[in-house]
Amino acid sequence: MSMDLSKSENIVLNVLWNLEKKGVHKVSEADIVNQCKLSPVGVSSAVSWLDFKKLINLERKEFSEYDVTTEGKEYIHNDLPEARLLKLLKERKKISVREVMDLLGSEKGKIALVQLSKFSMKPDRGEISFYENPSAEKEFGIRLQLLSKILRNEKIDASELSVLKELQKRGLIEERKRFKRLVSLSQAGIDQVKNSGLTEKIERLTPEIIADGSWKGKEFRTYDLNVPVERIQNGSLHPLTYLIREIREIFLEMGFTEMHGDYVQFAGWNMDALFIPQDHPARDLQDTFFLKSKYELNFDHPEILMKVERVHQKGIPGYSGWKYAWKEEKARELLLRTHTTVNTIRYLYEHPEPPSAIFSIEKVFRHESVDWKHLAELHQIEGAVHSKDASLSSLKWLMRTFYKKLGFEKLNFIPAYYPYTEPSMDVVVEINGREVELGGSGLFRPEVLRPIGIKDNVIAWGLGLERLAMLYYDLTDIRGIYESDIDWLRNYKIRVK
Ligand code: PHE
């Protein structure tokens, strides 16, 4: 069966067929351009289509092109250092090495000496003498000629290859690897030519050919509705954005309210209000990014600071506190939030009436070295439930329910420690026999709740989003999430629940 081809496809096929008849089977695209009136781009696109339709065979072949470097260009202009030195020597018969360096510059002087020594002109006791050697002059001429030839993009003979390699080794020219496409007719292509006879068909009905009647008796090119077309890739959500939306959906469906917070926070909210003592290692410069402009902002709820100070220093009835000299200025320091638990504590302070169920999926920052399972910028899935009925078992139920909705059935809880929760537990997911820690959770301590005026229970959690994404998308390296691998961005598979 023969296909209807476009005009340029027909032209290219025609060229190939004419060459084929002369016994030439394989030609480059440039050869085709020379044989017809199509532009290089026109030929290239017709060749791609013919290849797509399997009417030709394509072969990619690597070849080298050369560029003259800046140094090479300078020599084309001023001649090679060795040639310049040879000319000088011819006139003066003898020159001191020092003078060579003065005249040519030390770098070029050295090059010239090295090159001349290959033609029996070696410096001896600080001097170099002329030695009649016609092959030197000839050789230097050849080098210069080849350099100019390359600059003019002329074809290089096989006999010039050794000089070419030498110029390349000296850094006077640079090799560029290029590809060309070699084209030959396939059997289907030959059949196509024979069957359709390459008659030109009308592709476009223009007012002119209707008016002058030249369409009469001609054949029209039909639309080939069976030609497969390239798939168009439309945009899609980034896998992490997709996952964030899924998670948001889960919490909203369960009646949670989404909270939002700022990247920059007072240490007083990010740390102190959460009963993290001021000498805690997490407050170290090694772990946290502090802002340089420490005191420019006034603490937004100064009335809380006194209460926080009291719990840290003295505790509350039944709880002893940390017993140290708490400093207000440390609470006023600004930092990039290290966890979104700061969103929770702020929300609870501003909405102290129970019950509430809140969540956020936002970014946090840690002064951490990045590796296959650690990032310095990551998102946390944060949340809390404030209710007198909230308990450890409701927390476990919530975690189980949440992860189950994302397709993770096997969840384990292991005892953990956070200064602001008691009891605390880490959430671990088991997948393909592997246990992956996803984050922390627990019941807020009275030392956290009392200063903000809360008496009922608050269960809270802070879970890593990227860790979860690793499992969700089956990645072995967490950094892959931010690497923008186009194939992954286009073809990622969502987990079937
Ligand atoms: N904030 C803890 C973290 O960043 C997680 C956590 C949140 C723990 C809430 C207990 C309660 O790892």
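As the structure is a computational prediction, the values presented were derived from the model and not from experiment. (Residues numbered from 1 in each chain as written. Predicted model: local features only at pLDDT ≥ 70, side-chain atom pairs only at ≥ 80, totals over all residues. Heavy atoms only, no water.)

Asker: What exactly am I supposed to notice about the domain arrangement of the protein chain here?
Answerer: Many analyses report the size of an interface as the accessible area lost when the parts associate. In terms of domain boundaries, the protein chain breaks down into domain 1 (7-65 + 179-212), domain 2 (70-170) and domain 3 (241-491). Put simply, the middle of domain 1 and the middle of domain 2, counted by C-alpha atoms, are 49 Å apart. (Domains from an automatic or database assignment.)

Asker: What am I meant to see in the sheet that holds strand E1 (residues 27-28) here?
Answerer: Strand pairing in a sheet is mediated by backbone hydrogen bonds. Such pairs are either parallel or antiparallel. Sheet architecture is open: three strands sit in the order E1-E5-E2, paired in antiparallel fashion. Looking at the sheet topology across the chains shown, the edges are occupied by E1 and strand E2 (56-68). Pairing of E1 with strand E5 (residues 173-185), which is carried by two bridges, proceeds in the antiparallel orientation. Each residue of the ladder has a partner; that of Val-27, found in E5, is Val-183. (Pairing = 2+ DSSP bridges. Helix = DSSP H or I, 4+ residues; strand = E, 2+ residues; numbered from the N terminus.)

Asker: How do you make sense of the pairing of strand E9 (residues 356-365) when you look at a structure like this?
Answerer: Put simply, side chains in a regular strand alternate between the two faces of the sheet. Counting buried positions over the 10 residues of E9 gives nine, a clear majority of the element. Here strand E6 (residues 257-258) pairs with E9 via two bridges, running parallel. Counted as the bridge partner of Glu-258 is Phe-359 from E9. Note: E9 against strand E10 (residues 377-387), 10 bridges, orientation antiparallel. Bridge pairing in E10 places Phe-359 opposite Gly-383. (Buried < 20%, exposed > 50% of the residue type's maximum accessible area, 1.4 Å probe, protein only.)

Asker: In this structure, what is going on with the site of the ligand? I would like to understand it.
Answerer: Residues in close proximity to the ligand total 13 residues, the closest being His-339, Thr-341, Arg-366, Gln-380 and Tyr-420. Here an oxygen atom of the ligand sits 2.8 Å away from a polar atom, N or O, in the side chain of Arg-366. Within the side chain of Gln-380, one N or O atom sits 3.0 Å away from an oxygen atom of the ligand. Residue assignment for the shell around the ligand shows that the elements contributing at least two residues are E10, strand E13 (434-444) and strand E14 (457-464). It is E14 that provides the largest number of residues to the shell around the ligand, a total of three residues. A per-class count over the shell around the ligand returns four nonpolar, seven polar and two charged. (Near = heavy atom within 4 Å. Polar contact = N/O pair within 3.5 Å; in protein donor to acceptor, adjacent residues only side chain to side chain. Nonpolar A, V, L, I, M, F, W, Y, C, P; charged D, E, K, R; others polar.)

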